[in-house]
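# A closer look at the structure
Spelled out from the first residue to the last, the chains are:
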Amino acid sequence: MNHVLAATLLVRALNLIGTFVFALSGAVLGARREMDLFGVLVLAFVTAVSGGIMRDVLIGAIPPEAFSSWHTLAIALIAGLLGFVLYDRLEILRNPVQIFDAAGLGIFAVAGTQKALEYGLNPPMAAILGMVSGIGGGMARDVLTAQVPIVLRTDIYALAALAAALVVIAGHAFGLPPALTDLPGVALCLFLRLMALYGGWRLPSAHRKR
Amino acid sequence: MNHVLAATLLVRALNLIGTFVFALSGAVLGARREMDLFGVLVLAFVTAVSGGIMRDVLIGAIPPEAFSSWHTLAIALIAGLLGFVLYDRLEILRNPVQIFDAAGLGIFAVAGTQKALEYGLNPPMAAILGMVSGIGGGMARDVLTAQVPIVLRTDIYALAALAAALVVIAGHAFGLPPALTDLPGVALCLFLRLMALYGGWRLPSAHRKR
Amino acid sequence: MNHVLAATLLVRALNLIGTFVFALSGAVLGARREMDLFGVLVLAFVTAVSGGIMRDVLIGAIPPEAFSSWHTLAIALIAGLLGFVLYDRLEILRNPVQIFDAAGLGIFAVAGTQKALEYGLNPPMAAILGMVSGIGGGMARDVLTAQVPIVLRTDIYALAALAAALVVIAGHAFGLPPALTDLPGVALCLFLRLMALYGGWRLPSAHRKR
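Keep in mind the model is a prediction, meaning the values are calculated, not measured.

Parameters at a glance
- Residues numbered from 1 in each chain as written.
- Chains lettered and ligands numbered in written order.
- Predicted model: local features only at pLDDT ≥ 70, side-chain atom pairs only at ≥ 80, totals over all residues.
- Heavy atoms only, no water.
- Helix = DSSP H or I, 4+ residues; strand = E, 2+ residues; numbered from the N terminus.
- Rg over C-alpha atoms; globule rule 2.2 N^0.38 Å.
- Buried < 20%, exposed > 50% of the residue type's maximum accessible area, 1.4 Å probe, protein only.
- Contact = heavy atoms within 4.5 Å.
- Areas by Shrake-Rupley, 256 points an atom, 1.4 Å probe, with all protein chains shown as cover.
- Lys, Arg positive; Asp, Glu negative; His and termini not counted.
- Charge placed at Lys NZ, Arg CZ, Asp CG, Glu CD.
- Axes fitted to C-alpha atoms, helices over the stretch in contact; angles between N-to-C directions.
- Parallel < 35°, antiparallel > 145°, perpendicular 65-115°, else oblique.
- Left-handed = near helix turned anticlockwise from the far one by under 90°.
- Nonpolar A, V, L, I, M, F, W, Y, C, P; charged D, E, K, R; others polar.
- Core = buried A, V, L, I, M, F, W, Y, C linked by side-chain atoms within 4.5 Å.
- Expected span 1.5 Å × (residues − 1).
- Bend = angle between axes of the 7 residues up to and from the residue.
- UniProt positions renumbered as here; feature names shortened; annotations may be inferred.
- Buried area = accessible area lost by both parts, 1.4 Å probe.
- Salt bridge = Lys/Arg side-chain N within 4 Å of Asp/Glu carboxyl O.
- Polar contact = N/O pair within 3.5 Å; in protein donor to acceptor, adjacent residues only side chain to side chain.

## Section: the overall build of chain A
Of regular secondary structure, chain A possesses 9 helices and 0 strands. Listing the helices and strands of chain A from first to last along the sequence gives α-α-α-α-α-α-α-α-α. Over its C-alpha trace chain A gives a radius of gyration of 17 Å, about what one expects of a compact globule, namely 17 Å for 210 residues. Oriented by its inertia axes, the alpha-carbon framework of chain A measures out at about 50 × 50 × 25 Å. Relative to its 210 residues, chain A shows a buried fraction of 61%. Once local pairs closer than 6 in sequence are excluded, the contacts in chain A between residues at least 24 apart make up 76%. Summed over all atoms, the accessible surface of chain A reaches about 8200 Å², with 69% contributed by carbon and sulfur. Taking the average location of the 14 positive side-chain charges in chain A and that of its 11 negative ones, the two points are 9 Å from each other.

## Quick notes on the packing of helix α2 (residues 37-59) of chain A against helix α4 (residues 71-90) of chain A
Residue and element names in this part refer to chain A. α4 packs onto α2 with a crossing angle of 130° between their chain directions and a minimal axis gap of 8 Å. The angle between the axes of α2 and α4 places the two elements in the oblique class. For the crossing formed where α2 meets α4, the hand is right-handed. Of α4, the residues touching α2 (which contributes L37, V40, L41, A44, F45, A48 and V49) are T72, L73, A76, L77, G80, L81 and F84. When the residues that make up the contact of α2 with α4 are grouped by side-chain class, the tally is 12 nonpolar, 2 polar and no charged.

## Regarding the nonpolar core
Counting 230 residues, the largest nonpolar core has F67 and I135 of chain A, F67 and I135 of chain B together with F67 and I135 of chain C as its most contacted members. Setting aside residues up to four positions removed in sequence, I135 of chain C forms contacts with L105, V151, Y157, A158 and A161 of chain C.

## Describing the environment of N95 of chain C
All names here are of chain C. Considering the arrangement of structural elements, one finds N95 in the loop between α4 (71-90) and α5 (96-118). Sequence-wise, N95 and S25 are 70 residues apart; in three dimensions their C-alpha atoms are separated by 9.9 Å. Not counting residues up to four positions away in its chain, the partners in contact with N95 are R32 and Y198.

## Some points on α4 of chain A
Residue and element names in this part refer to chain A. Its 20 residues give α4 an end-to-end C-alpha distance of only 24 Å, which falls more than 12% under 28 Å, the value for a rise of 1.5 Å per residue. Approximately 50° is the largest bend angle found in α4, and it occurs at F84. For α4, every residue scored as buried is listed here: T72, L73, I75, A76, A79, G80, G83, F84, Y87 and L90.

## A short note on the UniProt feature "domain: Glycine transporter" (unreviewed entry) in chain A
Residues and elements named next belong to chain A. UniProt feature "domain: Glycine transporter" (unreviewed entry): in the numbering of this structure it lies at residues 13-87 and 99-171. Here residues 13-87 is 85% helix and 0% strand, with 25 Å between the C-alpha atoms at its ends. As a span, residues 99-171 carries 82% helix and 0% strand, and end to end its C-alpha atoms are 27 Å apart.

## Some details on the interface of chain A and chain C
Taken residue by residue, the interface counts 30 residues in chain A and 29 residues in chain C. Here chain A and chain C share an interface that buries about 2300 Å² over both sides, 74% of which is from carbon and sulfur atoms. Along the contact surface separating chain A from chain C lie 0 salt bridges. Where chain A meets chain C, there are 1 residue pair in polar contact (both at pLDDT 80 or more). For the side of chain A that touches chain C, the elements supplying multiple residues, two or more each, are α2, α6 (123-144), α7 (150-153) and α8 (158-173) of chain A. Sorting elements by how many residues they give to the side of chain A that touches chain C places α6 of chain A first, with 6 residues. Across the side of chain A that touches chain C, the residue classes tally to 21 nonpolar, 6 polar and 3 charged.

Spelled out as C-alpha cells, the structure:
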C-alpha cells in the first residue's frame, strides 16, 4: 500500500515537474519570437500538454488529464509567465529551450509509460506510448512555430525517450516498484540528451555514411 | 422547454454559420496559394471542422459532429466553392481570411463552451475547451499551409476566444438561458479582434517591454 | 464465411502493404534531409500510422490498430531501415516519395473506408474517413518536415483517395463482397495519381482560371 501510494505520488510529482519545464521551453521560444503575452501562454500550455493529450487520446483516457483538473493549467500558466518575464536572463543557459525540453522529455516518457501500463497496454506498446508522451509536446511546439520538430533534427532525442521508457518496462517485467525505476529512467534520458548536445554523441545519418 | 429548444437551435445555427465562415477563410487562403479546386475544398473542410473535432475527441463525443451528419460537410463544400470562385473579389475586404476567421473564432468558442458544459466538464475547463474549438480550425489551416498559426502571431486572438467563452461561463454560473449570453459572447470576441486588427490594440510582448 | 474471411485477410494484407510503402516514403524523405537513423525510423513510423490513427480516433477504435499489435510497428521499422540504407538507390525512381505515397494513399483509402463501414458510419462519411486515412500519413510526414502537405500542393491527390473510397462505397451499396472492389479501388487511385504525376492531368486552380 505504501509502495503504491509512493509510486502514485512520484508519478504525479514527475508530471507536474515535466509540465513546468516543458511549459518553460515553450514560453522561452515564444518570447524569443516576440509573441505577445497571451500567445506565449498558449504556446507554453500547448507544449506542456500535447504529449500527455496524445497519450490519453490513444489509450482512451478521456477527458485527458490536462482537462480534468486545473493543476496542469495552473502550472503551465505560472511557467509561461516566468518564461515571458525572465526569458532574456534564461538565455545565459546556452540553449534554454533544449535543456528544459530534455528534462521534460525524460519525465514524460517515464510517466507516460507508467500510465500506459496501468491502462493495460502490452509492455512494448506502452514504451512506444511513453516515447510519444515525451516527444509530443516538443513536436507540437515546433510545428506551431513552423520549424522541423527537434525530434527529427537533433541527435539522440526519440532514442533517449525510448531508453527511459525501456527502463520502466524492464522494472515492470522484474516486478520492481516504480519508485526504483522512474528516477533512473529520467536520469538516463537526461544523460543521453546532454551527451548529444554537449558531448558530440551521434547516431549514423544517411549523409555521413557516404 | 421552449428555452431549451431555442438554445439548442441557436447553438446549431451558430455552428453552421461558424462552419461557413471558417471554410471561407480556408478557401480564400487556398485559392490565393493557387491550390487546385479539390485542394481548396480540402483546406476549407479542414479549417471548418478541426476545432470541433479537437473538442469532440477531447470530451469523448465520438464520432465527432463533423462526421455524424452531412450538414457540416455540405456547408463547408458550398463555402469552399464560393471561396474558390469569388476569392479575388473577396480580396477587396482588406483581409478576408482574418475577418472570416474572427467571426468563426467567436462562434466556435461560444458553441464549444456550451457543448463542453453539456458533457459535464467543470466550467473553467469548459472555457478552455471552448477556446480550443475556436482556435483549432485556424491552427490546422495555418499549420497545413506552413505558416505560424494566426493564434501565435497576431494580437488578442486566443484571448478574444477566451473572453467569449467566459461570457458563456458567467451566464451558466448565474443560471441565465444560453440565448442571453451566446450572441454577446460572439460580439465581444469579434469586437476584440477588430480592435486588434484595425484599432491597434495590443498586449505586451517580450520584445516591446525592453 | 469464406467470403468474409477472404475479405478480412485482404484488408489486413492491404494494411500491411500500405504501412510498408508509406513508411518507405517517410524514410526516404528523412534520409534525404540527412536525419539520423532514429529520426528516419520515427518519421517512417509516423508516416505509416498517422492516417490510421486519425481514423481510429475519429471512429472510436481505441487503442488504435497501430498500438494494439506489433505488426505495424515491425513493418514500419523494416521499411524505415530499408529506406535509410537504400535511399540513394531509390532516387533512380524519378520521385520515390511520391510513388510510394501514391500506393499507400489508395490502399489506406480503401482499407479505411471498409473499417469505417464496419464501425457503422453511414456510407458518405465512411468515404470521407477513408480519404482521411489515406491522406493523413502524408500530411503528418509533410507537416513534420515543415512543408505544405502534398495533398494541398499536388494535383488530384485527395480526389484520387476519394475515388478509391467511392468504389468501395458503391460495392457496399450493391452488396458486392469487398474482395471485388478493394483492388479496383486501389488501382483507380494509383492510376489517377500517376496520370497527375506523369500525364499532366489537372483540376482547375484559382490562378489558372484567370
